[in-house]
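An overview of the molecular structure
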Amino acid sequence: MVVADVWVELRSEAFGVRLVRADTIVQVWWDVKRPSYLNVTLSSREVVRQDMRAGFPAHGIEEGEASDLCEKLVQRIARAAHAGGGHQVWMGRDEESQGVWWTHRPLVGNRHAF
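Quick look at the structure, then. What you see is a predicted model, and the numbers here were worked out from it, not measured in a lab.

Moving on to the pairing of strand 2 (residues 16–21). Two strands pair when backbone bridges link them, and strand 1 (residues 4–12) and strand 2 are joined in this way by 6 bridges, in the antiparallel orientation. By the bridge assignment for strand 2, W7 is matched with R21. Hairpin connection from strand 1 to strand 2: 3 residues lie between these consecutive antiparallel strands.

Now for helix 1 (residues 63–83). In a regular helix each residue adds 1.5 Å, so 21 residues correspond to 30 Å; helix 1 covers 30 Å between its end C-alpha atoms and thus fits that length. As for helix 1, its buried residues are in contact with strand 1, strand 3 (25–30), strand 4 (37–42), strand 6 (85–94) and strand 7 (99–106). Backbone geometry just after helix 1 places G84 at a positive phi near 80°.

Each value, and the rule that gives it
- Residues numbered from 1 in each chain as written.
- Predicted model: local features only at pLDDT ≥ 70, side-chain atom pairs only at ≥ 80, totals over all residues.
- Heavy atoms only, no water.
- Pairing = 2+ DSSP bridges.
- Helix = DSSP H or I, 4+ residues; strand = E, 2+ residues; numbered from the N terminus.
- Expected span 1.5 Å × (residues − 1).
- Contact = heavy atoms within 4.5 Å.

This is the structure:
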């Protein structure tokens, strides 16, 4: 059996960068009262935040877009876990279009320093 070790990088200008083990995530949600962030609740009941648009202006966020990003995070974690071994998931961004998406890569040779 392949063992997956998936980590999620959550970035927030206000709260900094956090790496959390994917298996400690119990909920991914968005609060219309704080539309700048996706919220990730951990098994410790701590809530960690990810900038909704990876640092791009977050005005005009619609519920559908927020829900889609929450769902895509869960899907990306599942893909990374299915790949086996160690992986890191993070939000990618495109400077020109100001688009964002979730992506992953193996921990070996990762572009991020731990």
